[in-house]
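Okay, here's what each chain looks like letter by letter:
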Amino acid sequence: MARYKPIDLQPKLIPVDLAAQLLPGTFEHALHHLLEHAIDLPPFDARYRHDTTGAPAYPPAMLLRIVRFAYARGIVSSRAIARACEEHITFIALSGDSRPHFTTIAHFVSTLGDQIAPIFAAVLAVCDRQGLIGREMFAIDGVKLPGNASKHRSGTRADFERQAEKMERAAEAMLARHRAEDAREVEPTLTAKDTARRERLVRDATDLRTWLARNPDDRRGANGAVRKRNRTDNESAKMATSKGVIQGCTGGATVDAAHQIIVDAQAHGVGAEQELLLPVVEATAALRTDATVITADAGYHSEANLRALAEAQVPALIADKDMRRRDPRFATQDRYTSLPDPLHDKSKPARKPLEVFGPEDFQYDPVARTCVCPAGKSLYRRGAARVTGDHVGAHFRGAKRDCGLCARRAQCLRTPETTPVRNVAFFHGRVSTRHVDHSAAMRERIDSPAGRAQYGQRFATVEPVFGNLRANKRLDRFTRRGRTKVDTQWKLYCLVHNIEKLAHAGYAA
């Protein structure tokens, strides 16, 4: 029978050299060397005003070390970080056996604010000196993550007004019913459940009215449209993802193609990525050269963005939503799409598009400027020349007396139950002969062999970065509230990624 030496896992009272626990070539060694020798932290001294009175504070460099190392191990909770500083030897070495309280860690992370940006820039400078930034291509992408807020508390001011009125009406109805019961000769006992429910409705309605008074204006988007607000985190957004609708923020990252260094990281409380492209391009201007190519997926594509990039003479490859349909390499991608589960698929069945009359079925006379529908009714002309997009044409509209009782209404309107009359347009030119279609030019550029090869490099550049943050670092949600705090948390994760790249490159080994 085999015999083995016993393995003792009981605690030992042995001397430990904490500095020797940070082995050269590891992430923790590179992190310690960066904060001790390469990054200047005097701005953090302004936090403290206790030169002559008060207890000594924990050094900011030590707090940054344990927080970043915790994020690298997928630990976000301040309580878990504080517990690790008492039990885990690497945390003990990084903290110098300081054992900070979890409230100290939570307050430090919550109040980093704008102080994280200089640290991010300093780490980038170190990466640049190590030759890790190639500046040949920057790939932009983003991930939508749920935040620390409920999507059920989102809406516009009009939605919140209706909710408050509904609560107040319900509370008044319950109070009236209670008073009617009190007026009877035999007084019934009011149940505690009804009383508590009425008090809760009054309290919620009061809180909602207070919030509306503190926030008198609607939240507007880039195009001026009203956006929904959230009463828990007013700077987050309700956004659609492949996993459903979430309440959260978008974490955006710009990655260099040479060694997958994140050169810019920003978190935004918006779901539309189109309005985020130009701020990112502007933020990376100091790092780019004239030959640096900006690449992004279809979420960042718009004619306005492409026009701005062309005017600034920034080389770019921005995909459109139909790029994969035109690329023969994706011709068989449907075979890899899993079939929907009939027991859980709650999506509506796809409706077959109706065959309705097109402009070619109408009798249009450009000389007489008249139009007759397939039913033989004349349509009204709407203006001399109307512009739709950049096209100029003649627009006609049917009369309600003709369209309302028309026997061919179902053949003429896609939604005859809701659309009152038919509109039809006949285009004959553009607004200007010197108009430049930047979207068409981008399609031609990205469909070329060189464009496809370069855009294919984008996948290998940016996707592994988000895979590292999401899978290895277990970043599945933002735990902070407010754009500043969420942006700080996102930058901390991206900093961890960059420091890992430095460690793998042999920094301070």
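Residues numbered from 1 in each chain as written. Predicted model: local features only at pLDDT ≥ 70, side-chain atom pairs only at ≥ 80, totals over all residues. Heavy atoms only, no water.

Some points on the pattern of salt bridges
Then, in step 1: For the structure shown, the criterion picks out 17 salt bridges.
Then, in step 2: For Arg65, the salt bridge identified is with Glu36, shortest N-O distance 2.6 Å. With Arg65 in helix α2 (residues 60–72) and Glu36 in helix α1 (residues 27–38), this residue pair connects regions lying 29 residues apart in the sequence.
Then, in step 3: In this structure, the salt-bridge partner of Arg99 is Asp97, at a minimum N-O distance of 3.4 Å.
Then, in step 4: Given the relative accessible area of 40%, Asp97 is considered partly exposed.
Then, in step 5: Several salt bridges share partner residues, and in doing so they unite Arg157, Glu161, Glu168 and Arg209 into one network. (Salt bridge = Lys/Arg side-chain N within 4 Å of Asp/Glu carboxyl O. Helix = DSSP H or I, 4+ residues; strand = E, 2+ residues; numbered from the N terminus. Buried < 20%, exposed > 50% of the residue type's maximum accessible area, 1.4 Å probe, protein only.)

Let's talk about the side chain of Arg65
Then, in step 1: Accessibility expressed as a relative area gives 7% for Arg65, which makes it buried.
Then, in step 2: Within the structure, the side chain of Arg65 is placed 3.0 Å from the backbone oxygen of Leu94, a separation counted as a polar contact.
Then, in step 3: For Arg65, the contacting residues outside a window of four places in its chain are Leu31, His32, Leu35, Glu36 and Leu94. (Polar contact = N/O pair within 3.5 Å; in protein donor to acceptor, adjacent residues only side chain to side chain. Contact = heavy atoms within 4.5 Å.)

Re helix α3 (residues 78–87)
Then, in step 1: Buried within α3 are the following residues: Ser78, Ala80, Ile81, Ala82, Ala84 and Cys85.
Then, in step 2: Its buried side turned inward, α3 meets α2, α4 (89–95) and α5 (102–110).

A word on the environment of Ile105
Then, in step 1: Among the secondary structure elements, Ile105 is positioned in helix α5.
Then, in step 2: Classification of Ile105 as buried rests on a relative accessible area of 1%.
Then, in step 3: Residues within four places of Ile105 in sequence aside, it is in contact with Ile66, Val67, Ser78, Ile81, Ala82 and Pro100.

Looking at the packing of α2 against α5
Then, in step 1: Their axes nearest at 11 Å, the elements α2 and α5 cross at an angle of 90°. Here α2 lies roughly perpendicular to α5, going by the angle between them. Residue-level contacts link Pro60, Leu63, Leu64, Ile66, Val67 and Tyr71 of α2 to Ile105, Phe108 and Val109 of α5.
Then, in step 2: Residues of the contact of α2 with α5, tallied by class, amount to 9 nonpolar, no polar and no charged. (Axes fitted to C-alpha atoms, helices over the stretch in contact; angles between N-to-C directions. Parallel < 35°, antiparallel > 145°, perpendicular 65-115°, else oblique. Nonpolar A, V, L, I, M, F, W, Y, C, P; charged D, E, K, R; others polar.)

With respect to the pairing of strand β9 (residues 293–296)
Then, in step 1: Side-chain alternation along β9 places Val293 and Thr295 on one buried face and Ile294 and Ala296 on a second face that is also buried.
Then, in step 2: Here strand β1 (residues 137–146) pairs with β9 via 4 bridges, running parallel. Each bridged residue has a counterpart across the sheet, and for Met137 the counterpart in β9 is Val293.
Then, in step 3: As defined by bridge partners, β9 adjoins strand β10 (residues 316–318) across 3 bridges and the pair is classed as parallel. Across the sheet, the residue bridging to Thr295 is Leu317, located in β10. (Pairing = 2+ DSSP bridges.)

Side note on the packing of aromatic side chains
Then, in step 1: Inspection of every chain in the model, using the stated rule, returns 10 aromatic pairs.
Then, in step 2: Here the aromatic rings of Phe396 and Phe426 are separated by 6.2 Å at their centres, their planes lie at 70°, and the arrangement is edge-to-face. In this pair, Phe396 is assigned in strand β15 (residues 391–397) and Phe426 in strand β16 (residues 423–430), connecting sequence segments 30 residues apart. In terms of burial, Phe396 and Phe426 fall into one category: buried.
Then, in step 3: By way of ring pairs, the aromatic residues Phe27, Phe69 and Phe91 are connected into one cluster.
Then, in step 4: Of note, Arg231 hangs over the ring of Phe160, and the distance from its end group to the ring centre comes to 5.3 Å.
Then, in step 5: Looking at Arg458, its charged tip hangs above the ring of Phe459, at a distance of 5.8 Å from the centre. (Phe/Tyr/Trp six-rings, centres within 6.5 Å; stacked < 30°, edge-to-face > 60°. Lys NZ or Arg CZ within 6 Å of the ring centre and 35° of its normal.)

Some words on unusual backbone geometry
Then, in step 1: Positive phi values are uncommon outside glycine, yet Asp97 reaches one of about 55°.
Then, in step 2: Turning to its location among the elements, Asp97 is positioned in the loop between α4 and α5.

Re the side chain of Thr292
Then, in step 1: Following the sequence through the fold, Thr292 ends up in the loop between α9 (277–283) and β9.
Then, in step 2: One polar contact links the side chain of Thr292 to the main-chain amide nitrogen of Thr289, over a distance of 2.9 Å.
Then, in step 3: Aside from chain neighbours lying at most four places away, what touches Thr292 is Arg135, Glu136, Met137, Phe138 and Pro315.

Examining the packing of α1 against helix α16 (residues 483–504)
Then, in step 1: In the contact formed by α1 and α16, the axes pass within 9 Å of each other and the chain directions differ by 105°. Taken together, the axes of α1 and α16 lie roughly perpendicular to each other. Between α1, through Phe27, Ala30, Leu31 and Leu34, and α16, the contact on the second element is made entirely by Val496, Ile499, Glu500, Leu502 and Ala503.
Then, in step 2: Looking at the contact of α1 with α16, its residues break down into 8 nonpolar, no polar and 1 charged.

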